[in-house]
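In case you want the letters, here they are:
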Amino acid sequence: MFKVRIYFLVILLGIALGFSASPMYSQSIDDLQRSFIKPPDDARIMMRWWWFGPAVTKPEIEREMRVMKAGGIGGFEVQAVYPLSLDDPSRGIKNGRFLDDEFIDNLRFTAAKARELGLRMDLTLGSGWPFGGPTVSIDEAAGGLRVDRVPVAAGVQRVKLPSVAAGEKLLAIFLAKSPVPTNPEGFRELTEIKDGAVLLPEISVGPQEVQFYISSRSGMQVKRPAIGGEGFVLDHLNRSATDNYLRNVGDRLMQAFGTKPPFAIFCDSLEVYNQDWSADFLAEFQRRRGYDLKPYLPALANDIGPKTLDIRYDWGRTVTELLNERFLAPMQEWAKRNHTKFRIQNYGTPPATISSSKFADLPEGEGSQWTVVRASRWASSASHIYGRPVTSSETWTWLHSPVFRVTPLDMKAEADLHFLQGINQLIGHGWPYTPPGVDYPGNRFYAAAVFDEKNPWWTVMPDISLYLQRVSHLMRQGHPANDIAFYLPNADAYAHMTPGKVNMIETQRDLVGPEIMPTIFAAGYNLDFFDDEALTQVGRVEANSLMLGQNKYRVVILPGVEQIPISTWRVLDQFVQNGGILIATRFMPQWVPGAQATGPERTEAREISRRLFRDRGPSAHFVRQEGRELAAKLVSVLRPDLATEQLVPDVGFIHRSTAVAEIYFIANTSNLPHRTNATFRVEALQPEWWNPLTGEITAARVEARPSGGTTVALDLEPYGSRVLVFSKRTLPSPRIVTSYNSAPPPLDLSHDWQVKFSADGPTSTMADLRSWTDTESTRFFSGTAAYEKQLDVPTGFARLNEPVYLDLGEGKPVPPQALRAGMQTWYDAPVREAAVIYINGKRAGAVWCPPYRLRVNGLLQSGTNTIRIEVSNLALNYMAGRALPDYRLLSLRYGERFQAQDMDKVLPITAGLLGPIRLMAGKENGQ
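Given the structure is predicted, the values throughout are model-derived calculations rather than measurements.

Peer 1: Got a minute to help me understand the nonpolar core in this structure?
Peer 2: A general trend in soluble globular proteins is that nonpolar side chains are found buried together. Core analysis: the biggest nonpolar cluster contains 200 residues, and Tyr787, Leu808 and Ile869 have the highest contact counts within it. Residue contributions to this core peak at 12 residues, all from helix H8 (residues 308–337). Residues in contact with Leu808, not counting those within four places in the same chain, are Pro830, Val831, Ala835, Ile837, Val847, Tyr852, Ile869, Leu913, Gly915, Pro916 and Ile917. If you look at the next biggest cluster of nonpolar residues, it comprises 30 residues, including Ala534, Val541, Ala597 and Ile608.

Peer 1: Would you take a moment to explain the pattern of salt bridges for this structure?
Peer 2: Two side chains of opposite charge can pair, provided their charged atoms sit close to one another. The tally for this structure, following the rule as stated, stands at 59 salt bridges. Here Arg149 and Glu209 are joined by a salt bridge, their closest N and O atoms 3.0 Å apart. Here Glu209 lies in strand S11 (residues 208–217) and Arg149 lies in strand S5 (residues 143–152), a separation of 60 residues in the sequence. The class of Arg149 is partly exposed, set by a relative accessible area of 37%. Residue Glu209 is classed as buried on the basis of its relative accessible area of 13%.

Peer 1: How should the environment of Pro436 be read in this particular structure?
Peer 2: Among the secondary structure elements, Pro436 is positioned in the loop between strand S17 (425–432) and helix H11 (461–474). Here Pro436 falls in the exposed class, since its relative accessible area comes to 66%. Counting along the chain gives 376 residues from Pro436 to Glu60, while the straight-line C-alpha distance between them is 7.5 Å.

Peer 1: It is not clear to me how the pairing of strand S37 (residues 751–756) should be interpreted in this structure. Could you clarify?
Peer 2: It is a general feature of regular strands that their side chains alternate between the two faces of the sheet. For S37 and strand S38 (residues 763–768), the ladder comprises 5 bridges, and the chain directions are antiparallel. Bridging across to S38, Lys756 finds its partner in Thr763. Linkage of S37 to S38, two consecutive antiparallel strands, is achieved through a turn of 6 residues. Here 3 bridges tie S37 to strand S39 (residues 784–793), and the two strands are oriented antiparallel to one another. Pairing of Val755 across the sheet is with Tyr787, part of S39.

Peer 1: Help me understand the sheet that holds strand S23 (residues 551–553) in this model?
Peer 2: Whenever strands of a sheet pair, they do so through backbone hydrogen bonds, lying parallel or antiparallel. Read from one edge of the open sheet, 3 strands run S21-S22-S23, paired in antiparallel fashion. The two strands at the open ends of the sheet, each matched to only one other strand, are strand S21 (539–542) and S23. Averaged over neighbouring strand pairs, the angle between their axes works out to 30 degrees when direction is ignored. As defined by bridge partners, strand S22 (residues 545–548) adjoins S23 across 3 bridges and the pair is classed as antiparallel. When the bridges of S23 are listed, Met547 appears paired with Lys552.

Peer 1: Help me understand the sheet that holds strand S10 (residues 197–199) in this model?
Peer 2: A sheet is described by the order of its strands in space; here 3 strands give the open sequence S6-S10-S9, paired in antiparallel fashion. Looking at which strands have only one partner, the edges of the open sheet turn out to be strand S6 (158–160) and strand S9 (193–194). The pairing of S6 with S10 spans 3 bridges and is classified as antiparallel. Residue pairing across strands places Arg158 opposite Leu199, the latter belonging to S10.

Peer 1: What is the right way to look at a nonpolar patch on the surface in this model?
Peer 2: A cluster of nonpolar side chains, namely Leu86, Leu889 and Leu892, defines an oily patch on the protein surface of about 290 Å² accessible area. Structurally, Leu892 is set in helix H21 (residues 888–894). A residue is classified by how much of its surface remains accessible, and Leu892, at 64% relative accessible area, is exposed.

Peer 1: What's the story with the packing of helix H16 (residues 566–577) against helix H17 (residues 599–614) in this structure? I'm lost.
Peer 2: For any two helices packed against each other, one specifies the crossing angle of their axes together with the interaxial distance. Remark: H16 packs on H17, axes separated minimally by 10 Å, with the N-to-C direction vectors making an angle of 30 degrees. When the axes of H16 and H17 are compared, the pair comes out roughly parallel. By crossing handedness, the relation of H16 to H17 is classed as left-handed. Seen from H16, the contacting residues are Ile566, Trp569, Arg570, Asp573, Val576 and Gln577; seen from H17, they are Glu601, Glu604, Ala605, Ile608, Ser609, Arg611 and Leu612. Taken together, the residues that form the contact of H16 with H17 break down as 6 nonpolar, 2 polar and 5 charged.

Peer 1: What's the story with the packing of helix H6 (residues 281–289) against H8 in this structure? I'm lost.
Peer 2: Between H6 and H8, the least distance of the axes is 10 Å, while the angle of their chain directions is 105 degrees. Classified by the interaxial angle, the pair formed by H6 and H8 is roughly perpendicular. Taken together, the residues of H8 that come into contact with H6 (itself represented by Phe281, Glu284, Phe285, Arg288 and Arg289) are Asp314, Trp315, Arg317, Thr318, Val319, Glu321, Leu322, Glu325 and Arg326.

Peer 1: Sorry if this is basic, but what is going on with the confidence of the model for the protein here?
Peer 2: The predicted coordinates ought not to be read in detail in places where the model reports low pLDDT. Across the protein, the average pLDDT comes to 94, with 95% of residues at 70 or higher. Throughout residues 1–25 the model reports pLDDT below 50, and contacts reaching past four residues in sequence, or to other chains, amount to 36 contacts.

Peer 1: What's the story with the environment of Gly143 in this structure? I'm lost.
Peer 2: With respect to the helices, strands and loops of the structure, Gly143 is situated in strand S5. For Gly143, a relative accessible area of 1% puts it in the buried group. For the pair Gly143 and Ser218, spaced 75 residues apart in sequence, the C-alpha separation works out to 5.5 Å. Apart from the residues lying within four places of it in its own chain, the contact partners of Gly143 are Ser216, Arg217, Ser218, Asp235, Asn274, Gln275, Asp276 and Trp277.

Peer 1: I'm lost on the packing of aromatic side chains in this one. Help?
Peer 2: Ring pairs (aromatic) are described by centroid distance and by the angle formed between their planes. Throughout the structure, instances matching the rule amount to 38 aromatic pairs. Between the aromatic rings of Tyr82 and Tyr446, the centroid separation amounts to 6.5 Å while the plane-to-plane angle is 65 degrees, which identifies the pairing as edge-to-face. With a gap of 364 residues between them, Tyr82 in the loop between strand S2 (75–81) and helix H4 (101–117) and Tyr446 in the loop between S17 and H11 connect regions that are remote in the sequence. Assigned by exposure class, Tyr82 and Tyr446 land together as buried.

Calculation rules
Residues numbered from 1 in each chain as written. Predicted model: local features only at pLDDT ≥ 70, side-chain atom pairs only at ≥ 80, totals over all residues. Heavy atoms only, no water. Core = buried A, V, L, I, M, F, W, Y, C linked by side-chain atoms within 4.5 Å. Buried < 20%, exposed > 50% of the residue type's maximum accessible area, 1.4 Å probe, protein only. Helix = DSSP H or I, 4+ residues; strand = E, 2+ residues; numbered from the N terminus. Contact = heavy atoms within 4.5 Å. Salt bridge = Lys/Arg side-chain N within 4 Å of Asp/Glu carboxyl O. Pairing = 2+ DSSP bridges. Axes fitted to C-alpha atoms, helices over the stretch in contact; angles between N-to-C directions. Patch = residues over 30% accessible without salt bridge, like charges linked within 9 Å, V, L, I, M, F, W, Y side chains within 5 Å. Areas by Shrake-Rupley, 256 points an atom, 1.4 Å probe, with all protein chains shown as cover. Parallel < 35°, antiparallel > 145°, perpendicular 65-115°, else oblique. Left-handed = near helix turned anticlockwise from the far one by under 90°. Nonpolar A, V, L, I, M, F, W, Y, C, P; charged D, E, K, R; others polar. pLDDT = per-residue confidence, 0-100. Phe/Tyr/Trp six-rings, centres within 6.5 Å; stacked < 30°, edge-to-face > 60°.

Here it is as structure tokens:
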């Protein structure tokens, strides 16, 4: 009874803190199995719900919410964006204004209805992105350091001052020889100003350059705003700007909720272009760094010699501190006062660091590139470090552009890439609110996929959602079991920043490079990012491990790092002295960043570096090459968590460890099958395959038990995924089928199907399977067609004890091509794009991803059987046969707020069943 009480107290505490109500530690493997088969609602996917205009009505709001729930979607995030239609009373379309009484009333209705339906509701705390709007004055608009360069010819003695507009201030003027020198003595501050010009100290005798340093405003406007949401983006380094925004916008939005606030308020990715300055920056810099930046301003825009990197480091660090203290912390404090949670995509510009996510209750990422420094792993690493059990991601952005081109397989493939990065809450991008009067297939965002019921393949959306829900739930269990703490080089990144180019995550991606992370993953390890501030806040050395929060890491990797703060040097030294494994690649770091670093500190850093890397300490290693050399070194110092017989870099995994189970999610990220033996660093436990598509659980056949590990056969179809769970439980061993001599031969069902393209339409015979686009009458058809035929099943098939499958064919890989943005699968499937199968009137299941087959044991009977396959394609085909929306008048009325993307790709796409279709006895392999 005591354990039960503790169990429910943990759940209640999670709810109170706004985290998943899913148990982080299941009481038993049987409990975990039950929650896997029927996962909790809080693990369902969510949708970003775009309200265009906003032009919404309560009946349609309620209808769409009910449709979401029916599709297995657990909630939504309301985001008011640009108008998509002119007012049209005949179609019931009337654009409102963001924050007016009607908008607040619609939010109030939505919140109440969401509670009634059991849906989670989040709210973007603004319109479009980044935060800003009409209440943001020029003095509180996003700031940047503006550098104007004026060449000075020989004989010139005065140079006109640049125009300084409202909200700007001239900070300093410097004269430099041309070409610009690489030493501080080559810059001379000019202070004599007269009649709108700066006077040079003497007549120029050679080419020179005058540089004007101006505290400026970027002028950035809110992107994609709703009517009434237009205006300047706010200064994220200005506490007054943040407070005024929260008072004018945040408090107004909260009036819609009363005592029942939304689950979370949301801040999209920062994207405050060029934000690297604020009006009081010089004073704040002096207070924090201990010296006056003004004489050294040229170092930010020029290489002035050895001091350049230190000054830029101090400047970039100050920008991050101001962001943390003046925007992120107040946002989190405001959310807490309003009894909600702060969810944010905390990366971009200004230069948020991974440790800036300390101020996020619900960190969120985006991006499917799983083998480089990207935002999804950035967010999950922050969650792991700071003890946030749920990490969300903006998922499917730009997926298979243009709109309505996305397939269910595309959805799965990208979602799996997010799971591999530690994501366990998917927020789809997205769901466009569509007034009833809008022509099919309805509204769509300018650059995103659509996941509403307008897609014909919505017939399998509950099946897709359940797959994603199961994996999300499992990826919340226990704690992450990542071996490697991967150091993000903040100091090197700051040193590479220049005015207007201060995106931390992009700079770090370039510095880390494209080779090291794929090497680590292919070698059989997983990792979390960390940085200096996170190490200071929650890091410590315990025995031979580095602890970051509650996470234990045996290996620390320094990826091509040059500069490290002295406090980090000391922790790394202690880590190695205690037996921890430290690996530096490409460079032997030996520098301490910042002008405040003292001589003794710099000497100490060089001594630590020498002791660790040059004197070849027992557990510190320098690896020059980040490919095979690094992989070999890792394997020599730590057994891989998942080792394969053949190198399969396209296969990734994520490992969660609980008190009762070791859980591995494994995904094939490519369009080719992969078969290999895989050895997991688990011993004395029994492996089981947990199928997230069907919920079926079977024992996995153990191929070998080497010392310290367990080997199983891994057989992954293109874009396939598996869950392997190790526990003390023993299930019956899987049956090994080696002969089918007693089974009847496969039955070919590829011909003579009766096909109907609408419920009340005619039935036609399709003698041979073909694409709907091959026939003029169905070339532009979007919807569901029913294939039906009678089949005489031999007694052998109906009574066969071995697995019997209805196989709809195999797909073919397509050569991948470079994309401007986003991703897609590169695979021609035999089912275009989803099929729901009925046998003798009973739903057998859905087929929408490889392998395109369905087990049908128990549904067949000897003699005559009726097979019905309902196949759904893409809404894009309908669009291809009709005129696309004309936004010319809309843009004239409201200004051009968006440009529809990739409209040249709106073409009819192969549709229907392509086969061959067979009824066949399958082979069990334990998976």
